[in-house]
Amino acid sequence: MKALQYVEIGEPPQIREVPTPEPGPGQVRLKVTAAGACHSDSFVMSLDEEQYTASYPLPMTLGHEGAGIVDKLGEGVTEVTVGDSVAVYGPWGCGRCYQCAQGKENYCERAAELGITPPGLGHDGSMAEYMIVDSARHLVPLGDLDPAANVALTDAGLTPYHAIKGSLPKLVPGTVAVVIGTGGLGHVAIQILRAMTSVTVIALDVDEKKLELAQDVGAHHAFLSNGDAVDAIREATGTAAIAAIFDFVGIQPTADLGAKLRGTETDQVLIGVGVASVTMGTLGSPYDATVRAPYWGSRSELMEVLRLAQAGVITVETETFSLSDAATAYERLHEGTLRGRAVVTP
Ligand code: NAD
Ligand code: ZN
Ligand code: ZN
C-alpha cells in the first residue's frame, strides 16, 4: 500500500510503498477514508535529530487525525463490524488507570511507561491506504457524517472542545473569549464557543485571510495579533470581563499578549505547541487568574464533538488532497495558505 512517511530528518515527507499491515489480536484494520494534517506534525518534523529520535521512530507514517471503514478484525474483536464507518480517537492510553477509567486517555498515567503513543506521533498513522488501530475502544462511529469533512474533528475539533469545556463555567453571558490563531484548531474553537456559550468572541491572527475565515465562522470581531490588539479589544468590548483566552499559537509573543489580557479570574489557556513561559503570582497578576495547558481530549468528549457536528452547529473548513499529493498538504500548512484544515483522502 501507499503511505506518506517521514523518512529523513529535515527532509519533506515522502509517499512510499510499504507492506499492508495485518491486525494482531484485539486490533482493527481500517481502510482509511480521510486523514487530517495538523501543525503538530510540522512541529515534529521541525525537531533536530536528537530531539526527534528521543520520541519518534523513522520512518513513520504521518497522520494523527484518522477516519476509515472497518476492513479486517484481529482475533477476539467483537465490538465493531467490517464495513462500519468510524473515526479514530487518537490519544491512546492504557485503558485501565484512573484517568483512562474516566475516558481521559489523553491523560493516561501509564502511556509513557508502557510506550503507548498516538498513531502518527510515535508509530504509523493515518496517512496511508490502511491503518491499524490497537483497540475497538479507540473507534467512534461516524454514522452519516462525511469522513473527509469531519475527520479533523478528532483533533482540530476535540482539542479546542476540551480546552473550552475546562473554562465553560466562566464563559457566562456578557463575558468575552479571545481566540488567538484561527487556523485548523482556532476556526473550530470559534464555532464551539458560539454553539455552547453566548460570549463575545474575539479572533486574533497575523494573517488577514485567517481573520476573514474567523468572521465567516462566527467571530464577533477579528483583529490583527499585534501591539494594537489589546486596545482594539478594549474598544470593541468596553469593560466586559475577558473570561478566557485560548492561545492556539503558544509562542512568547502570544503568551505575552494573553498575559496582558488577563483580568480577575481569567483563564489563559495555552494550546499551541510553542515555547513560551508565563509569570503568575499574587502581586502584579490579577486575582485568581489561571494558566492552563490542556492536551487533546477524552473519548466521551470526542463523542460530544461529533454530536455537535451531527446537529449541524460546527463544520470544519477543509481543503482535500489525494494521498499522492499529501506532501503538498504539509507544504501549504507550512506556508500558512490553507483555509481551515488540509485533509488527505486516500
Ligand atoms: P494552523 O497552522 O492551522 O493554525 C495556526 C494559526 O495561527 C494560523 O492561522 C496562523 O496564521 C496563526 N498564527 C501564527 N502566528 C501567530 C501569532 N503570532 N499571533 C496570532 N496568530 C498567529 O495550526 P493548527 O493545526 O491549528 O495548530 C495550532 C497549534 O495547536 C499548533 O501549535 C499545534 O501544534 C497545536 N496543537 C496542540 C494540541 C494540544 O493538544 N495541545 C493539539 C493539536 C494541535
Ligand atoms: Zn494535532
Ligand atoms: Zn491509562
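Residues numbered from 1 in each chain as written. Chains lettered and ligands numbered in written order. Predicted model: local features only at pLDDT ≥ 70, side-chain atom pairs only at ≥ 80, totals over all residues. Heavy atoms only, no water.

A short note on the overall build of the chain
Part 1 of the reasoning: The number of helices and strands found in the chain is 12 helices and 16 strands.
Part 2 of the reasoning: For 346 residues, the compact-globule formula gives about 20 Å, and the C-alpha radius of gyration of the chain, at 20 Å, lands near that figure.
Part 3 of the reasoning: Each of the three principal axes of the chain carries a C-alpha extent, and together these read 60 × 40 × 40 Å.
Part 4 of the reasoning: For the chain, with 346 residues in total, the buried portion stands at 52%. (Helix = DSSP H or I, 4+ residues; strand = E, 2+ residues; numbered from the N terminus. Rg over C-alpha atoms; globule rule 2.2 N^0.38 Å. Buried < 20%, exposed > 50% of the residue type's maximum accessible area, 1.4 Å probe, protein only.)

Quick look at the coordination of the zinc ion (ligand 3)
Part 1 of the reasoning: For the zinc ion (ligand 3), the protein coordination sphere consists of C94 (SG), C97 (SG), C100 (SG) and C108 (SG), at 2.3 to 2.4 Å.
Part 2 of the reasoning: Classification of the site at the zinc ion (ligand 3) as tetrahedral follows from its 4 donor atoms and the range of 104 to 116° in their angles at the metal.
Part 3 of the reasoning: In primary sequence terms, the donor set of the zinc ion (ligand 3) follows C-x2-C-x2-C-x7-C.
Part 4 of the reasoning: With a relative accessible area of 13%, C108 lands in the buried category. (Donors = N, O, S within 2.8 Å, 3.2 Å for Na, K, Ca; no water. Tetrahedral: all angles 85-135°; square planar, octahedral: opposite > 155°, others 65-115°.)

Structural notes on the coordination of the zinc ion (ligand 2)
Part 1 of the reasoning: Only C38 (SG), H64 (NE2) and D155 (OD) from the protein coordinate the zinc ion (ligand 2), and they sit 1.8 to 2.3 Å from it.
Part 2 of the reasoning: All donors to the zinc ion (ligand 2) come from one chain, and their sequence spacing reads C-x25-H-x90-D. Placement of the pair is H64 in the loop between β4 (60-61) and β5 (65-73) and D155 in the loop between α5 (147-150) and α6 (158-165), with a sequence separation of 91 residues.
Part 3 of the reasoning: Overall, the relative accessible area of 5% leaves D155 in the buried class.

Observations regarding the nonpolar core
Part 1 of the reasoning: Ranked by internal contacts, the top residues of the largest apolar core, which has 70 residues, are M127, L171, L193 and F246.
Part 2 of the reasoning: For this core, the element with the most residues is helix α7 (residues 184-196), which contributes 6 residues.
Part 3 of the reasoning: Here this core gathers at least three residues from each of two domains, domain 1 (2-155 + 297-344) and domain 2 (158-292).
Part 4 of the reasoning: Discounting residues that sit within four places of it in the chain, L171 has contacts with I164, A177, L193, T197, V199, A243, A244 and F246.
Part 5 of the reasoning: Of all hydrophobic cores here, the second largest spans 13 residues; its members include V32, V70, A136 and L139. (Core = buried A, V, L, I, M, F, W, Y, C linked by side-chain atoms within 4.5 Å. Domains from an automatic or database assignment. Contact = heavy atoms within 4.5 Å.)

Focus: the environment of L193
Part 1 of the reasoning: Structurally, the position occupied by L193 is in helix α7.
Part 2 of the reasoning: Sequence separation between L193 and L168 is 25 residues; the distance between their C-alpha atoms is 9.2 Å.
Part 3 of the reasoning: Each residue touching L193, except ones within four places of it in the same chain, is listed here: I164, L171, A177, V179, V199, V201 and F246.

A closer look at the domain arrangement of the chain
Part 1 of the reasoning: Under the domain assignment, the chain is made up of domain 1 (2-155 + 297-344) and domain 2 (158-292).
Part 2 of the reasoning: Using only C-alpha atoms to locate each centre, domain 1 and domain 2 end up separated by 27 Å.
Part 3 of the reasoning: Contacts between the two partners involve 25 residues from domain 1 and, on the opposite side, 20 residues from domain 2.
Part 4 of the reasoning: Looking only at domain 1, the three residues that lose the most surface to domain 2 are D155, E301 and R339, adding up to 24% of its buried area.
Part 5 of the reasoning: Remark: the boundary between domain 1 and domain 2 carries 2 salt bridges.
Part 6 of the reasoning: Among the ionic pairs, D216 bridges to R339, the shortest N-O distance being 3.1 Å.
Part 7 of the reasoning: No other element matches helix α11 (residues 299-310), which puts 5 residues into the side of domain 1 that touches domain 2.
Part 8 of the reasoning: In the side of domain 1 that touches domain 2, the residues fall into 11 nonpolar, 8 polar and 6 charged. (Buried area = accessible area lost by both parts, 1.4 Å probe. Salt bridge = Lys/Arg side-chain N within 4 Å of Asp/Glu carboxyl O. Nonpolar A, V, L, I, M, F, W, Y, C, P; charged D, E, K, R; others polar.)

Quick look at the pattern of salt bridges
Part 1 of the reasoning: One pass over the full model with this rule turns up 15 salt bridges.
Part 2 of the reasoning: Notably, a salt bridge pairs E22 with R29, separated by 3.4 Å at the nearest N-O pair.
Part 3 of the reasoning: Three or more residues joined by partner-sharing salt bridges are found here, namely E22, R29, D71 and K72.

Describing the sheet that holds β4
Strand pairing in a sheet is mediated by backbone hydrogen bonds. Such pairs are either parallel or antiparallel.
Part 1 of the reasoning: Strand order in the open sheet made by the 3 strands is β2-β1-β4, with antiparallel pairing throughout. Lying at the two open borders of the sheet, with one neighbouring strand each, are β2 (14-17) and β4.
Part 2 of the reasoning: Alignment of strand β1 (residues 2-6) against β2, held across 4 bridges, turns out to be antiparallel. The partner of L4 across the bridge, within β2, is I15. (Pairing = 2+ DSSP bridges.)

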